[in-house]
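So the chains spell out like this:
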Amino acid sequence: ANLDPHLTTLKVMCFPNGKTCIDGTLPSSLGKLTALEHLELANNHLSGTISPALGALTRLQFLFLEENRLSGTLPAGLALIMSRLDDSTCNIEDNCLSMGISKLCSSQQRASCSP
């Protein structure tokens with residue numbers, strides 16, 4: 001999808017706590033928001049895999065995607081971004097994501113994760 005050129009300078013995208021009930025997948029076009037510093041889409045109904053395009057969000061200082069239905073392998077670029085964040089600035093729990101061999105699923109959700 002094409003983005004309005006003004007959106008590429010967006011620094012904060014915050015739709016937390018399911019109040020917006022966003023569902024569907026995370027669009028790869030989010031990776032074009034390279035000025036984004038805060039991405040908060042926790043407690044919604046997002047599903048599917050995370051696009052490797054999100055690895056382009058190198059300015060992220062806050063990432064909250066917990067309590068959705070995201071699955072698959074965490075893209076390497078996004079994992080690298082997350083490696084410089086701590087628990088107070090990053091949470092992707094309560095999804096069914098893996099990074100290589102190790103699962104990132106919470107204990108409550110391990111049963112629903114595919115092997």
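Residues numbered from 1 in each chain as written. Predicted model: local features only at pLDDT ≥ 70, side-chain atom pairs only at ≥ 80, totals over all residues. Heavy atoms only, no water.

## Some thoughts on the side chain of E66
Here is step 1: Its place among the elements puts E66 in the loop between strand 5 (62–64) and strand 6 (69–73).
Here is step 2: Residues in contact with E66, not counting those within four places in the same chain, are A42, N43, N91, I92, E93 and N95. (Helix = DSSP H or I, 4+ residues; strand = E, 2+ residues; numbered from the N terminus. Contact = heavy atoms within 4.5 Å.)

## Description of the nonpolar core
Here is step 1: Judged by nonpolar contacts, the single largest core of 24 residues is most densely connected at L26, L39, I50, L63, L65 and L74.
Here is step 2: A total of four residues in this core trace back to one element, the largest contributor, which is helix 1 (residues 76–82).
Here is step 3: Sequence-distant contacts of I50, that is, excluding residues within four places in its chain, are made with L26, L65, L70, S71, L74, P75, L78 and L97. (Core = buried A, V, L, I, M, F, W, Y, C linked by side-chain atoms within 4.5 Å. Buried < 20%, exposed > 50% of the residue type's maximum accessible area, 1.4 Å probe, protein only.)

## Re the confidence of the model for the chain
Here is step 1: In this model, the chain carries an average pLDDT of 81, and 76% of its residues clear a pLDDT of 70 or more.
Here is step 2: Of all helices and strands in the chain, the one with the weakest mean pLDDT is strand 9 (residues 102–103) (42), whereas strand 5 scores best (95).
Here is step 3: This stretch, residues 101–115, has a pLDDT under 50; its non-local contacts, to residues over four places away or in other chains, come to 25 contacts. (pLDDT = per-residue confidence, 0-100.)

## What to know about the pairing of strand 6
Here is step 1: Taken together, the two bridges between strand 4 (residues 45–48) and strand 6 define a ladder with parallel strand orientation. Its bridge partner being in strand 6, S47 is matched across the sheet by R69.
Here is step 2: Bridge analysis of strand 6 against strand 8 (residues 96–99) gives three bridges, and the strand direction is parallel. Residue pairing for strand 8: S71 is matched across the bridge by C96. (Pairing = 2+ DSSP bridges.)

## A look at unusual backbone geometry
Here is step 1: Of note in this structure, N43 is not a glycine but carries a positive phi near 55°.
Here is step 2: Looking at the element boundaries, N43 is found in the loop between strand 3 (38–40) and strand 4.
Here is step 3: Judged by relative accessible area, which is 21%, N43 ranks as partly exposed.
Here is step 4: The residue E67 is not glycine, and still its phi comes out positive at about 55°.

## Looking at a negative patch on the surface
Here is step 1: Together, E67, D86, D87 and E93 give the surface a local cluster of negative charge.
Here is step 2: Here D87 lies in the loop between helix 1 and strand 7 (90–91).
Here is step 3: Residue D87 is classed as exposed on the basis of its relative accessible area, which comes to 75%. (Patch = residues over 30% accessible without salt bridge, like charges linked within 9 Å, V, L, I, M, F, W, Y side chains within 5 Å. Areas by Shrake-Rupley, 256 points an atom, 1.4 Å probe, with all protein chains shown as cover. Salt bridge = Lys/Arg side-chain N within 4 Å of Asp/Glu carboxyl O. Lys, Arg positive; Asp, Glu negative; His and termini not counted. Charge placed at Lys NZ, Arg CZ, Asp CG, Glu CD.)

## Quick word on the sheet that holds strand 7
Here is step 1: Strand order in this open sheet of four strands is 1-3-5-7, and the pairing throughout is parallel. Either end of the sheet is taken by a strand with one partner, and the two such strands are strand 1 (12–14) and strand 7.

## Structural notes on the side chain of S51
Here is step 1: With respect to the element layout, S51 can be found in the loop between strand 4 and strand 5.
Here is step 2: In this structure S51 comes out as buried when scored by relative accessible area, which is 15%.
Here is step 3: S51 has contacts with S28 and P75, leaving out every residue within four places of it along the chain.

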